[in-house]
Amino acid sequence: MIPPYGPVKVQRCNHPLLRERKITLFVQREDLVHPYLSGNKWRKLKYNLEDFKLSGATMMLTFGGAYSNHLVATAAASYLSGIPLIVVIRGEPHPENPYQEFIRSCGTKMIFISRTLYREKGDPDFIRTLLENQRIHPDACYVIPEGGANDAGTKGCEEICNDVPDESGWIACACGTGTTAAGIARAMKDHQKFLGFAVLNAGNYIRETMIKSGADEGRFHINEDYVFGRYAKVTHLLKNFIKNFHLQTGILTEPVYTGKMFLGLLDLIEQRYFREGSVITAIHTGGVLDFSIPLKW
Ligand SMILES: *Cc1c(COP(=O)(O)O)cnc(C)c1O
């Protein structure tokens, strides 16, 4: 596995609203685990890299959009571990896009496909044809689905619970595919409940993913009130929140995932969704990328 830059820290958040509402909010800084295998992506890759070794394959293949944290993390893992990687990217190449510049600099081979073709990304026949076109034998390639959304990814995310303070009655996190949510909800303690914030209009998909992975339906809720339209849509309200939250707490977030979660969480606290005295741990899943940091140590 790629060694973490540092241990995960859990800090108490000092926001004025928390004192007013008598709520304790811990922030679990998964984002500090690694600058490029950021937050939950490090967790999701951990057992995928182990399974890769067991598989006998000689390279990896994965999928993602133009601004995918998962592709950045997997490209960094490929560079640091020396495992060759091919990524299939939805849409046209953008030479100016820093995500794609970074991925290229890791020595990753990039294949761009249309949005229509990209919908087939989960189909084994599609993947076989794609590899054959590259003259690669399917057995030579370990495939990680988009977002690291597989059993190995979920298993890695279970370990997020090891650092959650015991007194937390609630664990919150931002949800894309629901893989991270599934791992947490499956591994959390009996007295804990999980609150997920959907960042795209896919609440049912997230819930189904979690239930299929063995999360107890009675102990989690997926909130869909803070999507702000669609995936990766940035509104003025969200931008201002991120700026103010950083000034008030010193914690950097971004608009695609963690900004939406913290905005939603503080709004629910304001509305007295949580009982006085509640203890919540919010998982900062990362995503605040700084491409000026060198990829080595
Ligand atoms: C990928 C990502 C998520 C979503 O994780 P899922 O397991 O797909 O739900 C959340 N936060 C950040 C910062 C991410 O990069």
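Above this note sits the structure.
Residues numbered from 1 in each chain as written. Predicted model: local features only at pLDDT ≥ 70, side-chain atom pairs only at ≥ 80, totals over all residues. Heavy atoms only, no water.

Participant: Sorry, what's going on with the pairing of strand β5 (residues 109–113) here?
Facilitator: Working note: regular strand, side chains alternate between the two faces of the sheet. For strand β4 (residues 85–90) and β5, the ladder comprises 5 bridges, and the chain directions are parallel. When the bridges of β5 are listed, Arg 90 appears paired with Ile 113. Following the backbone out of β4, through helix α4 (residues 98–105) and into the adjacent parallel β5, one traces a crossover that is right-handed. (Pairing = 2+ DSSP bridges. Helix = DSSP H or I, 4+ residues; strand = E, 2+ residues; numbered from the N terminus. Right-handed = clockwise from strand over helix to strand, strands pointing away.)

Participant: Sorry, what's going on with helix α11 (residues 258–270) here?
Facilitator: The α-helix advances 3.6 residues per turn, and as a result positions three or four apart in sequence lie on the same side. Its 13 residues place the ends of α11 18 Å apart at the C-alpha level, agreeing with the 18 Å of an ideal helix rising 1.5 Å per residue. Of all 13 residues in α11, 11 are buried; the element is thus mostly enclosed. Among the residues making up α11, those that are buried are Thr 258, Gly 259, Lys 260, Met 261, Phe 262, Leu 263, Gly 264, Leu 265, Leu 266, Leu 268 and Ile 269. At the C-terminal side of α11, Arg 272 shows a positive phi close to 60°. (Expected span 1.5 Å × (residues − 1). Buried < 20%, exposed > 50% of the residue type's maximum accessible area, 1.4 Å probe, protein only.)

Participant: Got a minute to help me understand the nonpolar core in this structure?
Facilitator: Grouped burial of nonpolar side chains is what soluble globular proteins tend to show. By size, the foremost hydrophobic cluster in this structure holds 31 residues, and its most contacted members are Phe 197, Leu 265, Ile 269, Phe 274 and Ile 280. Counting residues per element, the ones that place at least two in this core are α1 (16–21), β2 (24–29), β7 (170–175), β8 (193–198), α10 (236–249), α11 and β10 (279–284). By residue number, the principal contributor to this core is α11, which donates 7 residues. Excluding residues within four positions of it along the chain, Leu 265 makes contact with Leu 25, Ala 172, Leu 195, Phe 197, Phe 274, Ile 280 and Ala 282. (Core = buried A, V, L, I, M, F, W, Y, C linked by side-chain atoms within 4.5 Å. Contact = heavy atoms within 4.5 Å.)

Participant: Looking at this structure, how should I read the site of the ligand?
Facilitator: In the neighbourhood of the ligand, 15 residues make up the surrounding shell, with Lys 41, Lys 44, Thr 177, Thr 180 and Thr 285 lying closest. Contact between the ligand and Asn 40: an oxygen atom at 3.0 Å from a side-chain N or O atom of the residue. Contact distances for the ligand include 3.4 Å between an oxygen atom and a backbone N or O atom of Thr 179. Surface burial for the ligand is 97%, taken as the share of its 390 Å² of free accessible area covered by protein chains. Elements supplying a minimum of two residues to the shell around the ligand: α2 (40–55), β7 and α8 (179–187). With 3 residues, the top contributor of residues to the shell around the ligand is α2. By residue class, the composition of the shell around the ligand is 3 nonpolar, 10 polar and 2 charged. (Near = heavy atom within 4 Å. Polar contact = N/O pair within 3.5 Å; in protein donor to acceptor, adjacent residues only side chain to side chain. Areas by Shrake-Rupley, 256 points an atom, 1.4 Å probe, with all protein chains shown as cover. Nonpolar A, V, L, I, M, F, W, Y, C, P; charged D, E, K, R; others polar.)

Participant: Before we go on, may I ask you to explain the sheet that holds strand β3 (residues 59–64) in this structure?
Facilitator: In a beta sheet, neighbouring strands are held together by backbone hydrogen bonds and run either parallel or antiparallel to one another. Read across the open sheet, the 4 strands follow the order β5-β4-β3-β6; overall the sheet is parallel. The strands lining the two open edges of the sheet, one partner per strand, are β5 and β6 (141–144). Strand-to-strand, the axes of this sheet are offset by a mean angle of 20°, without reference to chain direction. Pairing analysis gives 5 bridges linking β3 to β4, with the strands arranged parallel. Within β4, the residue paired with Met 60 across the bridge is Leu 85. Across the sheet, helix α3 (residues 69–81) lies against β3, β4 and β6, angled at about 165° from β3, the strand it touches most. Against the sheet, helix α6 (residues 124–133) contacts β3, β4, β5 and β6, and its axis sits at roughly 120° relative to β3. (Axes fitted to C-alpha atoms, helices over the stretch in contact; angles between N-to-C directions.)

Participant: Explain the packing of aromatic side chains to me, please; I cannot follow it from the model alone.
Facilitator: The geometry of an aromatic ring pair is captured by the separation of the ring centres together with the interplanar angle, meaning the angle of the planes. On inspection of all chains with the given rule, the structure shows 13 aromatic pairs. For the ring pair Tyr 99 and Phe 291, a centre distance of 5.2 Å and an interplane angle of 65° mean the geometry is edge-to-face. In this pair, Tyr 99 sits in helix α4 while Phe 291 sits in the segment after β10, placing the two residues 192 residues apart along the sequence. On the basis of relative accessibility, which here comes to 15%, the residue Tyr 99 falls in the buried class. Measuring from ring centre to ring centre gives 6.0 Å for Tyr 231 and Tyr 257, while their planes differ by 65°; the resulting arrangement is edge-to-face. In this pair, Tyr 231 is assigned in the loop between β9 (220–223) and α10 and Tyr 257 in the loop between α10 and α11, connecting sequence segments 26 residues apart. Residue classification places Tyr 257 among the buried residues on the basis of a relative accessible area of 18%. Counting every residue linked through ring pairs, the aromatic cluster contains Tyr 36, Tyr 67, Tyr 99, Phe 102 and Phe 291. Its guanidinium or amino end placed over the ring of Tyr 118, Arg 90 lies 5.3 Å from that ring's centre, counting from NZ or CZ. (Phe/Tyr/Trp six-rings, centres within 6.5 Å; stacked < 30°, edge-to-face > 60°. Lys NZ or Arg CZ within 6 Å of the ring centre and 35° of its normal.)

The analysis is restricted to geometry; functional conclusions fall outside its scope.
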